[in-house]
Amino acid sequence: MVLTRQGLLWRGRLFPCSIGRAGVTATKREGDHATPAGILRITGLWYRPDRLARPAPWARAIGPGDLWCDDPGHPAYNRHARAPLTASHERLRRADPLYDLILTTDWNATGVPGRGSAIFLHQWRRPGYGTVGCIAFARPDLMRIARQAPPGTRLVIPRALGG
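Keep in mind that this is a model prediction, so the values were computed, not measured.

Asker: A description of unusual backbone geometry should follow, citing residues and the corresponding values.
Answerer: Cis geometry marks the peptide bond from Ala-83 to Pro-84; its omega dihedral reads 0°. The residue Pro-84 is located in the loop between strand 10 (80-82) and strand 11 (89-91) in this model. Positive phi, close to 50°, is recorded for Arg-11, a residue that is not glycine. With respect to the helices, strands and loops of the structure, Arg-11 is situated in the loop between strand 2 (7-10) and strand 3 (13-15). On the basis of relative accessibility, which here comes to 56%, the residue Arg-11 falls in the exposed class. Its identity is not glycine, yet Ala-118 carries a phi of approximately 55°, on the positive side. Structurally, Ala-118 can be placed in the loop between strand 12 (101-105) and strand 13 (120-123).

Here it is as structure tokens:
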């Protein structure tokens, strides 16, 4: 997978997508609303079993207590967590459909405080609507990617996209 100015190029197909509102950056920081430049890998696949069929055998169901910690001062920073969690976090089970299907990446896998968290591939709100750093797609495109991208799939986000 390679992110281009026109979308995500993968397996000979271009998938329209939205990136962080602040564009692409080589110096990702928590809360900067930018998509990090680099070579990332797909590490997980999560889905809402009450809304979707399991997209791949390795997919994990999102339950009511599933969270992602985005508190740089917490030991679970940039990792899956379970409720209750007093530290800052994102709920993976949302009322809207944005996280009905999530591909997680290895961005900041070691959890360096403040280097950014929760860089996912997920559903977009609408075409062209920027994210807080993730890469977002139309639901059918995301479903296709999720069904075909195994763990370890490379995601290249070129620095040159940073402008």
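Still more to cover.
Asker: I'd like to hear about the pattern of salt bridges, residue by residue, with values.
Answerer: All told, the structure shown has eight salt bridges when counted by the stated rule. Of the charged contacts in the structure, one is a salt bridge between Asp-32 and Lys-28, with a shortest N-O distance of 2.6 Å. Given the relative accessible area of 25%, Asp-32 is considered partly exposed. Taking relative accessible area as the criterion, Lys-28 reaches 5% and is therefore assigned buried. With its nearest N and O atoms 3.1 Å apart, the salt bridge here joins Arg-139 to Asp-100. With a gap of 39 residues between them, Arg-139 in helix 1 (residues 139-148) and Asp-100 in the loop between strand 11 and strand 12 connect regions that are remote in the sequence. On the basis of relative accessibility, which here comes to 27%, the residue Arg-139 falls in the partly exposed class.

So, how was this worked out
- Residues numbered from 1 in each chain as written.
- Predicted model: local features only at pLDDT ≥ 70, side-chain atom pairs only at ≥ 80, totals over all residues.
- Heavy atoms only, no water.
- Helix = DSSP H or I, 4+ residues; strand = E, 2+ residues; numbered from the N terminus.
- Buried < 20%, exposed > 50% of the residue type's maximum accessible area, 1.4 Å probe, protein only.
- Salt bridge = Lys/Arg side-chain N within 4 Å of Asp/Glu carboxyl O.

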